[in-house]
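# Close look at the chain arrangement
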Amino acid sequence: MLSIEAVLRGVGAALLCLGAFAGLVSAIGFYRFKNFYLRLHAATVGTIWGCVFPLIGASLISVTMDELGEVKWFAAGASIVTAAIVFLLAPAGSHALARAVHRAHVARVQPCISDALDPNLCG
Amino acid sequence: MIAEIILAVIIIYIISIILLVIKAIKGPTIGDQVLAIDVITYITVVLFVLTSIYMKAALLIVIAIPLALWIYALDIYIAKYLEEGDLGA
Amino acid sequence: MWRMIAETIIYLIMACTSIASTIAVYLTIKEKDLVKAVIYSALQSALYTIIYFLLLTPDVVLVYLPVAVGLIPGVFLILISKTERWEKE
């Protein structure tokens, strides 16, 4: 029977590896997408899969590490609070940026079929 | 065992930051550049937490929270400037 | 042996980030569109917080962060909206 420590460490390490892979995928995706509105998908993958889940994994790992002493509970709590803050703020910020860029006609929709909000920006 | 995993994850995150910095310098529009800086900063938050756990100096995790908050503020500044022309001051 | 590799990696990260921040400062000075210059300056501040963090000083980071990433772009964007955006010769 596995101990609680080994299970928590395994789950934490799995979440960290998922986060590292998602960060790499997001960085490559910024080069392969063709216009600004498609790159928002790459940015969302980078912030949610790459930064919220690894922080939860880091808090699970730091609960099991006894070398940190009594501070390990503080580290676990602060990591979860940071994960909640990033989870709430990152989509709101990029949504405001996307709305402003579309309204100010800064970026065109290059391979475009139709743009229902503003047909001048198409193509 | 855990220490080697954390080190490998830190190295992969640094490769992502290098690729994103090149995109932030090169990007054709302003929106691309702000988006790339956004992702760089959120990945820096994860790097701070992991490095402070790795170096066993766990009180440094408090730096990560203001970093996330101020980058949100930068997004809102650029959005207000592009949409209305001035920041209402 | 892992300890030596970890220390070497941390010094290497500091060196590469310093070189990248110098490139960002050069691009800030040579740019004619002032909004892009503000964004390059925010990129340089993000890279500086990584260096200050690796030197293990949390109080410097906590003060540098709101000033260079939050208030300086805000004040400069208000200034640009009231004067001119394209720098003339």
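Structure first, text after, so check above.
Residues numbered from 1 in each chain as written. Chains lettered and ligands numbered in written order. Predicted model: local features only at pLDDT ≥ 70, side-chain atom pairs only at ≥ 80, totals over all residues. Heavy atoms only, no water.

## A few points about the interface of chain B and chain C
The condition that has to hold: Any pair of residues with heavy atoms lying within 4.5 Å of one another is described as a contacting pair. Note on definitions: buried area is the accessible-area loss of two parts on being combined, 1.4 Å probe, summed for both. As used in this structure description, the phrase polar contact means that two N or O atoms lie within 3.5 Å; if the pair is within protein, one of them must be able to donate a hydrogen and the other to accept it, and residues adjacent in sequence are counted only when both atoms belong to side chains. The helix count covers DSSP runs of H or I at least four residues long, the strand count covers runs of E at least two residues long, and both are numbered beginning at the N terminus.
With 34 residues of chain B at the contact, the number on the chain C side is 32 residues. Summed over the three residues of chain B that lose the most area to chain C, namely Ile63(B), Trp70(B) and Tyr81(B), the buried surface amounts to 18% of that side. Between chain B and chain C we count three residue pairs in polar contact (both at pLDDT 80 or more) in total. Elements supplying a minimum of two residues to the side of chain B that touches chain C: helix 1 (2-26), helix 2 (30-54) and helix 3 (64-84) of chain B. In terms of residue count, the dominant contributor to the side of chain B that touches chain C is helix 2 of chain B (10 residues).

## So, the layout of surface pockets
Here is the rule: Site definitions follow a grid-based scheme: protein atoms alone, a 1 Å grid, a 1.4 Å probe that fits but cannot get out for cavities, and for pockets an open set with protein on both sides within 12 Å along at least five of seven lines, plus lining residues having an atom within 4 Å of a point. Grid points are joined across faces, edges and corners, and a volume is the space filled by probe spheres set on the points. Each residue is assigned to one of three groups, with Ala, Val, Leu, Ile, Met, Phe, Trp, Tyr, Cys and Pro labelled nonpolar, Asp, Glu, Lys and Arg labelled charged, and all others, Gly among them, labelled polar.
Space inside the largest pocket adds up to approximately 670 Å³. Taken together, 30 residues make up the lining of the largest pocket; nearest its centre are Ile14(B), Ile18(B), Ile13(C), Cys16(C) and Thr17(C). Put simply, the parts of the chain that give the lining of the largest pocket at least two residues each are helix 1 and helix 2 of chain B together with helix 1 (2-30) and helix 2 (34-54) of chain C. The dominant element in the lining of the largest pocket, judged by the number of residues it contributes, is helix 1 of chain C, at 11 residues. For the lining of the largest pocket, the class distribution of residues is 28 nonpolar, two polar and no charged. In this structure, the second largest pocket encloses a volume near 480 Å³. Put simply, the parts of the chain that give the lining of the second largest pocket at least two residues each are helix 1 and helix 2 of chain B together with helix 1 of chain C. Per-element tally for the lining of the second largest pocket: the top contributor is helix 1 of chain C, with seven residues. Classifying every residue of the lining of the second largest pocket gives 15 nonpolar, no polar and five charged.

## Description of unusual backbone geometry
If a residue is not glycine, its phi is most likely negative; likewise, a peptide bond is most likely trans. Residue and element names in this part refer to chain A. This is how it is decided: The classification of residues rests on relative accessible area computed with a 1.4 Å probe and restricted to protein chains. Under 20% of the type maximum is buried, over 50% is exposed, and intermediate values are partly exposed.
Of note, histidine 105 is a non-glycine position whose phi angle comes to about 55 degrees, a positive value. Its location among the elements puts histidine 105 in the segment after helix 4 (72-103). Look at histidine 105 and you get partly exposed, because its relative accessible area is 45%.

## Notes on the packing of aromatic side chains
All names here are of chain C. Inclusion rule: Aromatic rings from Phe, Tyr and Trp, taking only the six-membered ring of Trp, are treated as a pair when their centres fall within 6.5 Å; an angle between ring planes under 30 degrees marks them as stacked, one over 60 as edge-to-face, and anything in between as tilted.
Enumeration according to the criterion identifies six aromatic pairs over all chains in this entry. When the centroid spacing of 6.0 Å and the interplanar angle of 90 degrees are considered together, the rings of tyrosine 48 and tyrosine 52 count as edge-to-face. One end of the pair is tyrosine 48 and the other is tyrosine 52, both in helix 2 and four residues apart, which spans about a single turn. For tyrosine 48, a relative accessible area of 29% translates into the label partly exposed.

## Brief notes about the environment of Ala58(B)
The residue Ala58(B) is located in the loop between helix 2 and helix 3 in this model. Apart from residues lying up to four places away in sequence, Ala58(B) is in contact with Val71(A), Phe74(A), Ala75(A) and Ser52(B).

## Here's the deal with the interface of chain B and chain A
Note: interface size is frequently given as the accessible area lost on complex formation between the parts. Quick reminder of the rule: We define a salt bridge as a side-chain nitrogen of Lys or Arg found within 4 Å of a carboxyl oxygen belonging to Asp or Glu.
In this assembly, 43 residues from chain B lie in contact with 49 residues from chain A. When the area that chain B buries against chain A is broken down by residue, the three leading residues are Ile2(B), Leu35(B) and Tyr42(B), summing to 14%. If you look at where chain B meets chain A, you find three salt bridges. For Arg39(A), the salt bridge identified is with Asp32(B), shortest N-O distance 2.7 Å. Linking chain B to chain A there are eight residue pairs in polar contact (both at pLDDT 80 or more). Of all the secondary-structure elements, those providing two or more residues to the side of chain B that touches chain A are helix 1, helix 2 and helix 3 of chain B. Across the side of chain B that touches chain A, the residue classes tally to 34 nonpolar, three polar and six charged.

## Examining the packing of helix 3 of chain B against helix 3 (residues 58-82) of chain C
Applied cut-off: The axes are straight lines fitted to the C-alpha atoms, using for helices just the contacting stretch, and the angles between their N-to-C directions are given from 0 to 180°. Any angle that is under 35 degrees is reported as roughly parallel, and any over 145 degrees as roughly antiparallel; angles of 65 to 115 degrees are reported as roughly perpendicular and all others as oblique.
Viewed as axis vectors pointing N to C, helix 3 of chain B and helix 3 of chain C meet at an angle of 5 degrees, and their least axial separation amounts to 9 Å. The pairing of helix 3 of chain B with helix 3 of chain C is recorded here as roughly parallel in orientation. Contacts between helix 3 of chain B and helix 3 of chain C pair Pro66(B), Leu67(B), Trp70(B), Ile71(B), Leu74(B), Tyr77(B), Ile78(B) and Tyr81(B) from the former with Leu62(C), Leu65(C), Pro66(C), Val69(C), Gly70(C), Pro73(C), Gly74(C), Leu77(C), Ile80(C) and Ser81(C) from the latter. Classifying every residue of the contact of helix 3 of chain B with helix 3 of chain C by side-chain character gives 15 nonpolar, three polar and no charged.

## A word on empty space enclosed by the protein
This structure, assessed with the given rule, holds two cavities of 30 Å³ or more. Its volume calculated, the largest cavity comes out at about 80 Å³. Lining of the largest cavity is provided by Ala43(A), Thr44(A), Thr47(A), Ile48(A), Ala90(A), Pro91(A), Ser94(A), Leu35(B), Asp38(B), Val39(B) and Tyr42(B). If you list the elements that add at least two residues to the lining of the largest cavity, you get helix 2 (36-51) and helix 4 of chain A together with helix 2 of chain B.

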